[in-house]
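# Overview (structure and organization)
Residues per chain are reported as follows:
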Amino acid sequence: MSDENTTLENAPLEAADAPVKKLFIKTYGCQMNVYDSERMAEAMGGSGYESVDSPEAADMILLNTCHIREKAAEKIYSELGRYKDLKVQNPDLKIGVAGCVAQAEGEEIIRRQPMVDIVVGPQSYHRLPALTAKAIAGEKSVETDFPEEDKFDHMPARPKARRAPVAFLTVQEGCDKFCAFCVVPYTRGAEVSRPVDRILDEARDLVSRGVREITLLGQNVNGYHGLKDGKVWGLAALIRALAKIDDLKRIRFTTSHPNDMDDDLIAAHGDCDKLMPYLHLPVQSGSDPILKAMNRKHTAAQYLALIARIRAVRPDLHLSGDFIVGFPGETDQDFEDTMEIVRAAGFGTAYSFKYSPRPGTPAAEKGDKMVEDSVAHARLHRLQALITEQQVATQEAMVGRELKVLFEKAGRLEGQMIGKSEYLHPVFVTGSVEIGDIRTVRITGTERNSLAGELVD
Ligand code: SAH
Ligand code: SF4
Ligand code: F3S
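What counts and how
Residues numbered from 1 in each chain as written. Chains lettered and ligands numbered in written order. Predicted model: local features only at pLDDT ≥ 70, side-chain atom pairs only at ≥ 80, totals over all residues. Heavy atoms only, no water. Helix = DSSP H or I, 4+ residues; strand = E, 2+ residues; numbered from the N terminus. Buried < 20%, exposed > 50% of the residue type's maximum accessible area, 1.4 Å probe, protein only. pLDDT = per-residue confidence, 0-100. Contact = heavy atoms within 4.5 Å. Near = heavy atom within 4 Å. Polar contact = N/O pair within 3.5 Å; in protein donor to acceptor, adjacent residues only side chain to side chain. Nonpolar A, V, L, I, M, F, W, Y, C, P; charged D, E, K, R; others polar. Pairing = 2+ DSSP bridges. Axes fitted to C-alpha atoms, helices over the stretch in contact; angles between N-to-C directions. UniProt positions renumbered as here; feature names shortened; annotations may be inferred.

### Points about unusual backbone geometry
Cis geometry marks the peptide bond from Thr254 to Thr255; its omega dihedral reads 0 degrees. With respect to the element layout, Thr255 can be found in the loop between β13 (250–254) and α10 (263–271). The phi dihedral of Asn295 is positive, around 60 degrees, even though this residue is not glycine. Residue classification places Asn295 among the partly exposed positions, given a relative accessible area of 27%. Even without being a glycine, Leu424 presents a positive backbone phi close to 75 degrees. If you trace the backbone, Leu424 turns up in the loop between β18 (416–420) and β19 (426–430).

### A few points about the confidence of the model for the protein chain
Within the protein chain, residue pLDDT values average 93, and 95% of them lie at 70 or more. Note on residues 1–15: pLDDT is under 50 here. Beyond four places in sequence and across chains, it has 35 contacts.

### Description of the site of ligand 1
Neighbouring residues of ligand 1: 14 residues in total, closest Phe181, Gln219, Gln284, Asp322 and Ser356. At 3.0 Å, a backbone N or O of Phe181 approaches a nitrogen atom of ligand 1. One of the side-chain nitrogen or oxygen atoms of Gln284 is found 2.7 Å away from an oxygen atom of ligand 1. Breaking the shell around ligand 1 down by element, the ones donating at least two residues are β15 (318–325) and β16 (349–354). A class-by-class count of the residues in the shell around ligand 1 yields 6 nonpolar, 4 polar and 4 charged.

### Points about the site of ligand 2
Neighbouring ligand 2 are the residues Cys175, Lys177, Phe178, Cys179, Phe181, Cys182, Val184, Pro185, His257 and Arg296. In terms of residue class, the shell around ligand 2 is made up of 7 nonpolar, 1 polar and 2 charged.

### A short note on the pairing of strand β17 (residues 402–410)
In this structure, β17 lies alongside strand β20 (residues 438–446), joined through 5 bridges in antiparallel fashion. Each bridged residue has a counterpart across the sheet, and for Val405 the counterpart in β20 is Arg439. For β17 and β18, the ladder comprises 4 bridges, and the chain directions are antiparallel. Looking across to β18, one finds that Lys409 is bridged to Ile418. Counting the residues between successive antiparallel strands, the hairpin from β17 to β18 contains 5 residues, one of them, Gly415, with a positive phi of roughly 80 degrees.

### Comments concerning the sheet that holds β16
Here 3 strands make up an open sheet; going across it, the order is β14-β15-β16 and the pairing parallel. Single-partner strands in this sheet number two, and they are β14 (278–280) and β16. In this sheet, neighbouring strand axes are inclined to one another by 10 degrees on average, regardless of whether the strands run parallel or antiparallel. When β15 meets β16, the two strands line up parallel, connected through 6 bridges. When the bridges of β16 are listed, Asp322 appears paired with Tyr351.

### A closer look at the UniProt feature "domain: Radical SAM core" (unreviewed entry) in the protein chain
UniProt's entry tags residues 161–393 with the feature "domain: Radical SAM core" (unreviewed entry), counted in the numbering of this structure. In the segment residues 161–393, helix accounts for 39% and strand for 18%; the C-alpha atoms at its two ends are 41 Å apart.

As C-alpha cells, then:
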C-alpha cells in the first residue's frame, strides 16, 4: 500500500512536532484481532500516537474485543470497569472498543459503560484516526457499518521498521458458513478476499523487513478467492506464489473449514516445501446428528477421509482442531463419538470449549435442549484429558528426532533461545543462534507445551 491511500479519513491528526500521545491496545480473541491491532497501532502512529504497555500511561485505551463466547464478551465490561479510576485521574483519556463485541453490541456498549468514547467495528478501522479526532473534540462515535471499501486500502502505508521473523497477514475476512452456534458471520460479515497483488506486495514488504514465516489469516481462510488479472485464485495458488519469494521460508494458514479443502490445497501440502506440515482444521464434533444440527455440512466420516487424503501427500502432518461440547441436544453417545474422532484423526493438539449460547445465532433458540452445565463440564474435562494425553504422546515421539527450528526470541534463562518447529511446537535451546535463523535441533525432552533440544548444525 502506498501513501496515495491517505485520505481525509486517515490524515494525521496533528502536526509532526506535536507532543507524542500514548496508545494502549489490549487484544482479545483470534489471530485476526492480533493482526488488526497491529494495523490499528500503525494507523494511530500516523496521528502521533505511540504504543505503550500499560493503560496507566495511556492517552487512549483501545480494547480489541472477541464475542465468540459469553465469557469473552463479559470480560470487556469488567476490563472497562477497571479504567474508571484512570478516567477520573485523567479526564482527557479516551477509551475505544473495537472488534467483534463492538460490532455485535454497538451503542449498547456506551449505554452500559458511558465513559466509552468510540465503538468501532472490524471493517471500519481505517476511520479510527478520524473518530479519535472527534473524541478529542468531545463527540462520541459508534461506527459499525460494513463499508464497501477495503479498510486495508484506506490505512496508511506500513512503517519500515525491522520486524520479528514471524508475522500474520490477513488475506480473507468474514464467513458465509453460518455454523449454528457461531457469531462470526454476524460480527465479521460476508466473506471478502483481498486481491492477490496486495497480499504479495505486503508479503514482500514483510520479508524485506526480516520476516521469514508468514501465517495467512482468515475466518475461513481456505475459502480465499482473490482476484489476479481478472481471474480468481484459490488459497493454494496464493501459497505457491508466496513460496516464490526467496527469503520467505515458511508459510502457514489458519483457520480452515473442512469443506473448503479443495484438491489444489491438498496437493499443495505435498508439493509446496514451504507450506508447513501443520493444519488447524476444526471439526467441532464427531457425531453426525450434532454436526448436522451445527450446520457444518459434513459428516465425521467425510472429515476422516479428508484427513487421510492430506496425510497421503504429507504423512507427517500435525493436525489440530477445535471442539464444542454440550451443544444443544448432545447425548452421551454423541459425546462418545467426539472422543472417538479425536482418537481416529490423531489430533496432535486441539482446543475445546463448552458450548456458549450466543445472541442472534440459531442454536441459541434451542434453550429447551440445553445440556445440563454439570454434564457439559464433565464432558469437557474428559475431552481435554484425552487431547492432553495425545498431545503428550505426540511430543514424546519427537524426542531423538531432528527438527528444523525458526528462532524467534531469547528465552528467560541466560543463553536460551526459543523458536518453533515445522509442527509449531515451541522449542527451547541454549546456544549461539540469531533471531530469524532456521537451525537443525535434536529434541532431548518435552515440557507440557514445548520441547527442549540441542543445536545440531
Ligand atoms: N473460523 C474458525 C474459528 C471460529 S471461532 C472456524 O471456522 O473454525 C473458534 C472456535 O470457537 C470455533 O472453532 C469453535 O470451536 C469455538 N466456538 C465458536 N462459537 C462458539 C460457541 N458459541 N460456544 C463455544 N465455542 C464456540
Ligand atoms: Fe464460525 Fe463456522 Fe464460520 Fe468458523 S466456519 S467462523 S465456526 S460460522
Ligand atoms: Fe472472536 Fe471475532 Fe475472532 S468473535 S474469535 S475476535 S472473529
